[in-house]
Amino acid sequence: MGQDHGVGKTTFSLQIATKIASRNKQVTYISLEMSEEQIIQKLLAKRTRINSRKIRNGDLKSEEIEKIGIACGEISELPLSILTKVNTIQQIEMEIRKMKNKNKIDLLIIDYLQLVRNMGGFKNREQEVADISRTLKLLSLELEIPIIALCQLNRNASRNEPTLADIRESGSIEQDADNVIFLYQEDSQNNIVTVDLQKQRAGNTGKTILKFNKINSEFVNIER
């Protein structure tokens, strides 16, 4: 999943994570960018529809505190594991294999790929990223679990319509991926985000548009 800068890739992926987890599937979410506390705050903002800034600052009314308490209970019951202390592909592989052996994983989401490091010796970063990408591809096939890896786009990527070549340090990422989805903002004033399925091995490609509610950390359908 690629993104233009600041269009809510983490929010989008967390929405996927909680939707799948709510169907009683075991989801592991690895964040290399945010702390567990920051992720929980995003989940709470979406579930309670309370301004995420208020949750961060603790500036809450008694009824909001009650809402948050209920939401915390609901989130804790989801089969969702959040990992923030793993940052190499070797650590990720070890953790995921452990979970698979205990039947504790149905989906892995990584936020985001360019922050993953590789303990092997490589001449350049592109080779390192290519090895990480290939390892994830093989892990997905071997363990029979889908893996969603978020990616950043090159800074010179077109703001209007990015292409596969715009994936930063792309190397083999676009080759290894079965599906590639881009998020980009066509209407920043109204926070309208295009979701562009630009590659799909086993089906059609296409686009849709969603509204990104930053205050509540959620994507919603646009009423027509």
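Parameters at a glance
- Residue positions are given per chain, counted from 1 along the sequence in the order it is written.
- Local features in a predicted model are, by the rule used here, given only for residues with pLDDT of at least 70; side-chain atom pairs are given and counted only at 80 or more, and totals for whole chains, interfaces and linings are based on all residues.
- Note that water and hydrogens are dropped before the side-chain values are worked out from all heavy atoms of the structure.
- The pairing criterion is simple: DSSP has to find at least two bridges between the two strands.
- Think of it this way: any DSSP run of H or I at least four residues long counts as a helix, any run of E at least two long counts as a strand, and we number them from the N terminus.
- Every axis corresponds to a line fitted to the C-alpha atoms, with the helix fit spanning only the stretch in contact, and the corresponding angles, defined between N-to-C directions, vary from 0 to 180 degrees.
- Any two residues having at least one pair of non-hydrogen atoms within 4.5 Å are treated as being in contact.
- Any angle that falls under 35 degrees is termed roughly parallel, while one over 145 is termed roughly antiparallel, one within 65 to 115 roughly perpendicular, and all others oblique.
- By convention the crossing between two helices is left-handed if the near helix lies anticlockwise of the far one by an angle smaller than a right angle, and right-handed if it lies clockwise.
- Any residue that is not Ala, Val, Leu, Ile, Met, Phe, Trp, Tyr, Cys, Pro, Asp, Glu, Lys or Arg is counted as polar, Gly included; the first ten are nonpolar and the last four charged.

A. Structural view of the sheet that holds strand E3 (residues 80-83). Strand order in the open sheet made by the 4 strands is E3-E2-E4-E5, with parallel pairing throughout. Each edge of the open sheet carries a strand with a single partner, namely E3 and strand E5 (147-149). Sheet twist, expressed as the average angle between the axes of neighbouring strands with direction ignored, equals 15°. Where strand E2 (residues 27-31) lies against strand E4 (residues 107-111), 5 bridges are found, and the strand directions are parallel. Paired with Val-27 across the strands is Leu-107, a residue of E4. Taken strand by strand, helix H1 (residues 9-21) contacts E2, E3, E4 and E5, and its axis lies near 160° from that of E2. Sitting on the sheet, helix H5 (residues 89-101) is in contact with E2, E3 and E4, with an inclination near 165° to E2.

B. Structural view of the packing of helix H2 (residues 36-48) against helix H4 (residues 62-77). Running from N to C, H2 and H4 cross one another at 115°; their axes reach a closest spacing of 10 Å. When the interaxial angle is binned, H2 and H4 end up roughly perpendicular. Here H2 runs over H4; the crossing is right-handed. The residues of H4 that touch H2, namely those facing Ile-40, Leu-43, Leu-44, Arg-47 and Thr-48, are Lys-67, Ile-68, Ala-71, Cys-72, Glu-74 and Ile-75. Residue composition of the contact of H2 with H4, grouped by class: 7 nonpolar, 1 polar and 3 charged.

Fair warning: the whole summary comes from geometry, so function is off the table for now.
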